[in-house]
Amino acid sequence: MTTTATIPFFPTDLFDDEREVLLELLHEVATDPEQKFILGWRTAALERAIRDSVGAADAVACGSGTSALVLVLKAFGVGPGDEVVVPAYGCAPLAAAPVLLGATPVFADVDPRTLVVDPAEVESLITERTRVVMPAHMFSTMADMPALRRIATTAGVRLLEDSAVAQGGVLGGRAAGTWGDAGVYSFVQVKTFGMPGEGGMVVTGDPALGRAVRVLRNHGQDGVRRFVHHTVGWNSRFDEVMAAFQLHRLPGFPERLERRARIGDYYAERFAHLAPLGITPPPPGRDGRCFYVYSLLAERRDELRDHLLANGVGCHAYYPAPLPHQPAFAPHADRRRDWPNARRGCERSLAIPINPRLTDAQVEHVADQVCRFAERPR
Ligand SMILES: *Cc1c(COP(=O)(O)O)cnc(C)c1O
């Protein structure tokens, strides 16, 4: 077996083209007579740019995507005794954010193919204690936001759209993040609009909610009078160097997204015949897709992973267990319930590289190796 140089799952040269710019911006912010390293005019400009790019009423930059979730839940008034319906499959902040506020995460099972939360499950779990429904877009597919919007509106609860992986995605002509009462983005480096640092953003169509999140992100201050604390908040502020860098990178974002989508199109074409051979790709097309990573469902997942790694393809099996089975969250989960689709997802999902730095030859090699594994006689 020939072993080629490994194609990294996440590239190490993400920001190489912009190294000089980053160093210049660092120098500019550091030597600015204003000496403002957080929440300065650059952060405000980035907020306006993101707000306008998705047609929101407000966008509020904060310390991370996780923090953005906590700030919005707090601004919704979530606290002890309240329930927040979250997916049973996904990353820790989905469960941690409600728990950190003393609320109860109620875990809904997911769609067996796309692993996004199942709207019918969400609807069946709503009680008089439910305050918020919090779906998350997952890997390559956006959640069914029209259905979730209807369910939340009918039940009279708020909808918080975790778009941490889906910034730039569009469903039914509407930007990811703008389907909910609020949406959040994460700028951690691997996300679609990632950066070499830590940060997140809340977008909302509700100006009052935007104001509340602004106060909460900076120790309960209103941004006008310092040292007057209207409420107990957090330190969840945004870095000026990163704001300047993201402003610089925003114009190139659509092109990088398009590159991801083209790779997704190519994989979809190459893998269209593999389902009977035990490998199911995400649904094809562009609407409601996000291409953060490209996640296959494989019957012989561990064998596929070993095959890819042995043939120079970096890959990643996310989430060893459903959230309600994690030691941290099990005490908050209903032990009479089961989440079979989330469990199956943990056993079968395998993500392969899909980032704008990949060359056509690398993408072809990845697809070749997946097909070779699926098609070889057992
Ligand atoms: C990355 C991610 C987050 C958290 O964002 P951070 O900026 O890393 O705190 C939250 N939810 C989902 C679905 C994510 O993928």
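Residues numbered from 1 in each chain as written. Predicted model: local features only at pLDDT ≥ 70, side-chain atom pairs only at ≥ 80, totals over all residues. Heavy atoms only, no water.

A. Expanded view of the side chain of R249. By the element assignment, R249 lies in helix α8 (residues 240-249). Non-local contacts of R249, meaning those with residues more than four positions away in its chain, are made with F15, E18, F193, G194 and R256. (Helix = DSSP H or I, 4+ residues; strand = E, 2+ residues; numbered from the N terminus. Contact = heavy atoms within 4.5 Å.)

B. Structural context of the UniProt feature "modified residue: N6-(pyridoxal phosphate)lysine" (unreviewed entry) in the chain. Sequence positions flagged by UniProt for "modified residue: N6-(pyridoxal phosphate)lysine" (unreviewed entry) are, in local numbering, K191. Turning to its location among the elements, K191 is positioned in the loop between β8 (182-186) and β9 (200-204). Owing to a relative accessible area of 14%, K191 belongs among the buried residues under this scheme. Setting aside residues no more than four positions away along its own chain, K191 makes contact with A164, V165, S186, R260 and Y292. (UniProt positions renumbered as here; feature names shortened; annotations may be inferred. Buried < 20%, exposed > 50% of the residue type's maximum accessible area, 1.4 Å probe, protein only.)

C. Quick look at the sheet that holds strand β4 (residues 130-133). If you trace the seven strands from one edge of the open sheet to the other, you get β1-β9-β8-β5-β4-β2-β3, paired in mixed fashion. Both outer strands of the open sheet, β1 (58-62) and β3 (104-108), are each paired with one neighbouring strand and no more. Across the sheet, the mean angle separating the axes of adjacent strands is 25 degrees when strand polarity is ignored. Two elements, strand β5 (residues 158-162) and β8, share three bridges in a ladder whose sense is parallel. In the sheet register, D162 faces β8, and the bridge partner there is V184. Sheet contacts for helix α6 (residues 145-155): β4 and β5; angle to β5, the most-contacted strand, approximately 155 degrees. (Pairing = 2+ DSSP bridges. Axes fitted to C-alpha atoms, helices over the stretch in contact; angles between N-to-C directions.)

D. View of the site of the ligand. Around the ligand sit S64, G65, T66, C91, P93, D162, A164, V165, S186, V188 and K191, and those are all the residues in its vicinity. Between the ligand and T66 there is a distance of 2.5 Å, counted from an oxygen atom to a side-chain nitrogen or oxygen. Within the contact set of the ligand, a nitrogen atom lies 2.6 Å away from a side-chain nitrogen or oxygen of D162. Because more than half of its atoms lie within 2 Å of the grid, the ligand is assigned to the second largest pocket. (Near = heavy atom within 4 Å. Polar contact = N/O pair within 3.5 Å; in protein donor to acceptor, adjacent residues only side chain to side chain. 1 Å grid on protein atoms, 1.4 Å probe; cavity = no way out; pocket = protein on both sides within 12 Å on 5 of 7 lines; lining within 4 Å. Sits in = over half its atoms within 2 Å of the grid points.)

E. Representation of helix α2 (residues 41-54) in the model. The end-to-end C-alpha distance of α2, which contains 14 residues, comes to 20 Å, matching closely the 20 Å that a straight helix rising 1.5 Å per residue would cover. Turning to α2, its buried residues are R42, T43, A45, L46, E47, I50 and V54. Downstream of α2 by a residue or two, G55 has a phi angle that is positive, lying close to 70 degrees. (Expected span 1.5 Å × (residues − 1).)

F. Up close: the pairing of strand β11 (residues 294-298). Within β11, five of the five residues are buried, leaving the element largely enclosed by the surrounding structure. Both faces of β11 are covered, namely the face carrying Y294, L296 and A298 and the face carrying S295 and L297. Pairing analysis gives two bridges linking strand β10 (residues 279-280) to β11, with the strands arranged antiparallel. Bridge pairing in β11 links I279 to A298. Strand direction decides the pairing type here: β11 and strand β12 (residues 349-352), joined by four bridges, are antiparallel. Looking at β12, one finds that Y294 is bridged to I352.

G. The arrangement of the packing of aromatic side chains in detail. If you walk through the whole model with that rule in mind, you get 17 aromatic pairs. Ring geometry for F187 versus F193: centroids 5.6 Å apart, planes at 90 degrees, classification edge-to-face. In terms of burial, F187 and F193 fall into one category: buried. Each ring, one from F187 and one from F238, has its centre 6.0 Å from the other, and the planes form 85 degrees; the classification is edge-to-face. One end of the pair, F187, is in the loop between β8 and β9; the other, F238, is in the loop between α7 (207-217) and α8, and 51 residues separate them in sequence. Accessibility assignment for this pair places F187 and F238 in one class, buried. Ring-pair connections join several aromatic residues into one group, and the members of that group are F9, F10, Y89, F139, Y292, Y318 and Y319. Directly above the aromatic system of W179 lies the positively charged group of R174, at a separation of 4.6 Å from the ring centroid. (Phe/Tyr/Trp six-rings, centres within 6.5 Å; stacked < 30°, edge-to-face > 60°. Lys NZ or Arg CZ within 6 Å of the ring centre and 35° of its normal.)

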